Every structure is written in structure tokens, then in C-alpha cells.
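Survey of secondary and tertiary structure
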Amino acid sequence: GNSVTQMEGPVTLSEEAFLTINCTYTATGYPSLFWYVQYPGEGLQLLLKATKADDKGSNKGFEATYRKETTSFHLEKGSVQVSDSAVYFCALSDMNNQGGKLIFGQGTELSVKP
Amino acid sequence: NAGVMQNPRHLVRRRGQEARLRCSPMKGHSHVYWYRQLPEEGLKFMVYLQKENIIDESGMPKERFSAEFPKEGPSILRIQQVVRGDSAAYFCASSLNSAATGELFFGEGSRLTVL
């Protein structure tokens, strides 16, 4: 079945460091890909998405490119801030005869130190 | 607040009791999803509902768990005869269209603790 694998956390960085969180997927067909972010004590929020191969999603300085050849959707940010500390989830759309749902990876915790 | 509303935010139950978790989707949304987040794990899909219909329950445990989304009122996730392994955060999400094409909006979750 469809699945998403993320790099394990926690990831600890200093402020202004470069961030990469790896995400690879297994899917039949051509799913849409998403990054969601969960701040402490809150629900998930959509960060960015890409709906087809070679699309780049971007938001708040984060970006990720849909790479069909490597089945990846790695999240990057050039300069992280303390306020970026959160758990980041990669997800793909899972379409079947019953409609659609999102399949999430296990999440990667990011901690940014001043 | 026009967001997804879940209640209760925290619920404590003893083994064998029932837990009822409620979710009011965003205004105008007719697609509701329930996910479970176990400690140190990611989000696991449980069930997808539209008004009065269960669309996909492939992630629901076969026993003790049920969900509904009536024509009027919130969606309910019901867990009967809770066990310690049911302790988790349960998140509800809603969308205007199917999740594959649109954005999922999540509630803040209901955290169930089973003693």
C-alpha cells in the first residue's frame, strides 16, 4: 500500500542554520504531496503542497520539490528561526474507489536553539 | 471561531468505560476525517465520513470503535470498553472537498488517557 517515510528526529539546529528534512514515498499512480506542521499543543496546519511531478511548493521560507524519479519530497529552509520549532509531517494523498485521504509519515521533530 | 472544534480537549477514563469524542467541522465542510496519534508515532488514519455516510473505515479497529457524522450535529468517535492502549491524541480534520485535492483543516485534538 501507499506509505511515507521521513527521517527520524529530533533534529536540533542553531538559529539561521540550513534545514533539510527528508521524505520519500511509495505510491501507485500520481499522488499529491504535502507538508504539515504541528506546533506544541496544537493540531496540524498545512505548510505547503505539490500536486504533480517537478512542482515546487513553498510557504514561509520553506520549500519542497516533487521528485518523481526519486519518489521524494524533501523539505528545506535556508535559515531557520526559533519559531520554526515544531513537528513536521510529510503526507501523500491516497485515492481509491472510496474517495481520498491523507497518509502521513511518522513526523520529524525540529528544535531550533537561539 | 470558524475552525474545526473538538471536545473535550482532555478526557480521562478508567479501563472498561466509554469515551466519546466530538468534532464540529469548519462551516461548509462536509468531509470529516479522524486520525489517531499514539505517543512517539505519527498520525494514523482511522475513518473518513461524509454526512450520514462512512466512506472509508479501513483504519478503524474492528471492535470497540465506531464513528458517525449525522445530518445534524457533530461527528462522534466512540470507543467502548477502553483499554490502556487506547490512550492517544485523536485528531479530527475537515475539508471542503476530498482530502486528496484540497487542504485538511485540523482541530486541536482530544487527548484520551486511560487509567
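The following refers to the structure shown. (Residues numbered from 1 in each chain as written. Chains lettered and ligands numbered in written order. Predicted model: local features only at pLDDT ≥ 70, side-chain atom pairs only at ≥ 80, totals over all residues. Heavy atoms only, no water.)

**Side note on the nonpolar core**
Convention followed: Only buried residues count toward a nonpolar core. Its members are Ala, Val, Leu, Ile, Met, Phe, Trp, Tyr and Cys residues joined through side-chain atoms within 4.5 Å. For the exposure calls, accessible area comes from a 1.4 Å probe over protein chains only, and a residue counts as buried if that area is under 20% of its type's maximum, exposed if over 50%, partly exposed in between. Secondary structure is summarised from DSSP: a helix means a run of H or I of at least four residues, a strand means a run of E of at least two, and numbering begins at the N terminus for each. The contact rule is simple, with two residues in contact once any of their heavy atoms fall within 4.5 Å.
Trp35(A), Leu47(A), Leu48(A), Phe73(A), Leu75(A) and Tyr88(A) are the most contacted members of the largest nonpolar core, which has 27 residues in total. For this core, the secondary-structure elements that each account for two or more residues are strand E2 (11-14), strand E3 (19-21), strand E4 (23-26), strand E5 (33-38), strand E6 (44-50), strand E8 (62-65), strand E10 (86-96) and strand E12 (108-113) of chain A. Dropping the residues within four chain positions of it, Leu75(A) is found in contact with Leu19(A), Thr20(A), Ile21(A), Trp35(A), Leu47(A), Leu48(A), Phe62(A), Glu63(A), Ala64(A) and Tyr88(A). If you look at the next biggest cluster of nonpolar residues, it comprises 23 residues, including Val4(B), Leu11(B), Leu21(B) and Leu77(B).

**Some words on the interface of chain B and chain A**
Inclusion rule: Buried surface area refers to the total accessible area, computed with a probe of radius 1.4 Å, that the two partners give up upon joining, counted for both partners together. We define a salt bridge as a side-chain nitrogen of Lys or Arg found within 4 Å of a carboxyl oxygen belonging to Asp or Glu. Two N or O atoms count as a polar contact when they lie within 3.5 Å, although within protein this holds only if one can serve as hydrogen donor and the other as acceptor, and sequence-adjacent residues are included solely when both atoms are side-chain atoms. Three classes are used, and their members are as follows: Ala, Val, Leu, Ile, Met, Phe, Trp, Tyr, Cys and Pro are nonpolar, Asp, Glu, Lys and Arg are charged, and the others, Gly among them, are polar.
Tallying the contact residues gives 24 residues for chain B and 22 residues for chain A. Approximately 1700 Å² of surface area, both sides summed, lies buried where chain B meets chain A, with 54% of it carried by carbon and sulfur atoms. The tally of links from chain B across to chain A stands at one salt bridge. Joining chain B to chain A, the criterion identifies five residue pairs in polar contact (both at pLDDT 80 or more). Mapped by element, the contributors of at least two residues to the side of chain B that touches chain A are strand E4 (31-37), strand E5 (43-50) and strand E6 (53-56) of chain B. Here the side of chain B that touches chain A is composed, by residue class, of eleven nonpolar, seven polar and six charged.

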